[in-house]
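Inside the fold
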Amino acid sequence: MLRDNTYFLGILMDCISISSCRKVKTNLTFFLSMFLQVVCKVALFFWLLALVAKILPVQMPICSCEETINEFETLTRDAGRVQQDTLKKILELNADAEYLNHFGLNGRTDVESYKACIPLCVHSDVEPYIQRIADGDTSPLLTGKPVTSLSLSSGTTHGKPKFLPFNDELLETTLQIFQTSYAFRNREYPIGKGKALQFIYGSKQVVTEGGILATTATTNLYRRPRYKEGMKDIQSQCCSPDEVVFGPDFHQSLYCHLLCGLIYSDEVHQVFSTFAHSLVHAFQTFEEVWKDLCADIRDGVLSDKVTVPSIREAVTKILKPNPELADSIQKKCMGLSNWYGVIPALWPNAKYVYGIMTGSMEPYLKKLRHYAGHLPLISADYGASEGWVGANINPTLPPEQVTYAVLPQTGYFEFIPLEKPKGEESENSASIHYIESDPVGLTEVKIGRIYEVVITTFGGLYRYRLGDIVKVAGFHNSTPELQFICRRSLVLSINIDKNTEKDLQLAVEEAGKLLEAEKLEIVDFTSYVEKSSDPGRYVIFWELSSDASEDVLRSCANCLDLAFVDAGYMGSRKIKTIGPLELRILKKGTFQEILDHFLSLGGAVSQFKTPRFVNPLNIKVLQILNRNTTKSYFSTAYGL
């Protein structure tokens, strides 16, 4: 095209040259000459525009919802072929990786060779390679290009975070997932150009001995200009300035998130945080500080509790005296019944509340619905620090029923079929020791079956077992829609008993019903296996919203014990090879102390998940729990 434009321009220039060299004999000739000069200049102008467009990057809209949905439809109609192409691309990019060549792949990129050579793995299998990266080894270990950033997993269960590779390719897959879910979400709940009340937080960044930057995956995203560029057309502007997001003190950042959200209350179209826990925590905090926030807005002076200079300076720029707004907020807060519907009351133009709400976040849904009132809760996309799996393309489904469509171009996916042993078909699906079959491809899964997810990413993880159990709820074109069931790892086990996080959640929900008569709530909970005694026993920790009667708590202990329906557990309790379950009641604020401990290790609150099971090696968290235990109740459900 450039060559054609040059040829056309040359002809026009020749016409001008000829016309201007001849003596103008008639008006017709003169006007013809002038006309040709004008045409030439216009052509030259557009040609130069075309040339500049080819040389300089043009800032086109990053995300058109219609185009994004059309692209998704095209890719998912032929998901099998897209998966083959994706695997080929991953293996071509990383052909020199030591990990791949160690297993004899030797540059091959076909599915058959890949599965034959590369074994399934877990984190401990790749940890030596990641450690070498952290120590400064720049050779191609897991990826073809050197890894310059590492992500940290939460580490809330065992107390020690894991290093995971992070690169530009993972950032791009993140944008693809986010843009896809946004396109479907915005079709149902268009948000226009409003702002977002976002409870997001950066985390501390550490530099490894080898000079590699290590931080949480979310911070790795937020700090990259490409992420901001890719998100600007799909993400409403955050009410809070960056100084609040990346502030060094979480409590001050949270306070200012709430303050900035109130300042822009009429412009807020969505409320967001990475996890449901962060949203609940934010509005529990609001209950305590709302009067201080009103005072700040009324006087236009930021509270003395905000002491970080960068945060104070940034927020002070947008905080102006507004007595009318302060009076309105106060009136609305005073008119609420136990803070029900506080979000739509104070942010009347909000369309929905958004964040990860499945798995370990489900226990917070009841409280979040209380705060959200009539607003829909939309569960965010399905992924992990290791990589993304699927997007929520059905945003009208409640979080308990949400499914995730796998994007076949974001990674290579396999699924390990899980079968229940004979005789256990009717048991709770979360408590079964499954029989595994050989992994199958993305388009080979069956509706209604359950699987463990295996991912191969652009970030250097190959046939990596995520440890997640999912159910295939259906298909969108030829890509499956997955329903997250639970983490596969056993958290409560003494001998032959097998109980997971999901089993614990169901047991706590059942026992929690006994508190409703006294209008009490379980603020949060966790568990521990006490093996120092003989026999060992389950210990469940509860933090309650207020004091409960002795009789109710004894009944709760019995109910918890009976709610674990795993055959191995019930049988062991009956023959007393597992001791009576113990319910321990904690002081108010205990889980806040655990969160503070997590933050002191360099974590980000947007990544925090309450540890549903505390590993014996997590000594500090156990100390916090034991130090804050006020009462203890042993179950008598199976007799003394």
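Under an unreviewed UniProt entry, the name given to the chain is Jasmonic acid-amido synthetase JAR1-like, and the organism recorded is Urochloa decumbens. The heading Sequence similarities (unreviewed entry) in the UniProt record of the chain holds the text "Belongs to the IAA-amido conjugating enzyme family."

1. Structural notes on unusual backbone geometry
For the bond from D534 to P535, the omega torsion is 5°, close enough to zero to count as cis. Structurally, the position occupied by P535 is in the loop between strand 19 (522-530) and strand 20 (537-544). For N338, which is not a glycine, the phi torsion comes out positive at approximately 55°. Mapped onto the fold, N338 is located in the loop between helix 15 (323-335) and helix 16 (342-346). Judged by its relative accessible area of 54%, N338 falls in the exposed class. Even without a glycine there, the phi angle at R463 is positive, about 50°. Mapped onto the fold, R463 is located in the loop between strand 16 (450-456) and strand 17 (464-476).

2. What to know about the packing of helix 13 (residues 276-299) against helix 15
Two numbers describe how helix 13 lies on helix 15: the axes approach to 8 Å, and their chain directions differ by 160°. Relative to helix 15, the element helix 13 is oriented roughly antiparallel. Seen along the crossing, helix 13 lies across helix 15 with a hand that is left-handed. Touching F286, W290, C294, I297 and R298 of helix 13 are P323, L325, A326, D327, I329, Q330, C333 and M334, all from helix 15.

3. Points about the side chain of N94
As for its position among the elements, N94 is in the loop between helix 4 (79-93) and helix 5 (98-102). Given a relative accessible area of 4%, N94 falls into the buried group.

4. Details of the packing of helix 18 (residues 501-512) against helix 19 (residues 550-563)
At a minimum axis distance of 8 Å, the contact between helix 18 and helix 19 shows a crossing angle of 145°. Note that helix 18 runs across helix 19; the crossing there is right-handed. Of helix 19, the residues touching helix 18 (which contributes A507, V508, E510 and A511) are C556, C559, L560 and A563. Partitioned by chemical class, the residues of the contact of helix 18 with helix 19 number seven nonpolar, no polar and one charged.

What counts as what
Residues numbered from 1 in each chain as written. Predicted model: local features only at pLDDT ≥ 70, side-chain atom pairs only at ≥ 80, totals over all residues. Heavy atoms only, no water. UniProt positions renumbered as here; feature names shortened; annotations may be inferred. Helix = DSSP H or I, 4+ residues; strand = E, 2+ residues; numbered from the N terminus. Buried < 20%, exposed > 50% of the residue type's maximum accessible area, 1.4 Å probe, protein only. Axes fitted to C-alpha atoms, helices over the stretch in contact; angles between N-to-C directions. Parallel < 35°, antiparallel > 145°, perpendicular 65-115°, else oblique. Left-handed = near helix turned anticlockwise from the far one by under 90°. Contact = heavy atoms within 4.5 Å. Nonpolar A, V, L, I, M, F, W, Y, C, P; charged D, E, K, R; others polar.

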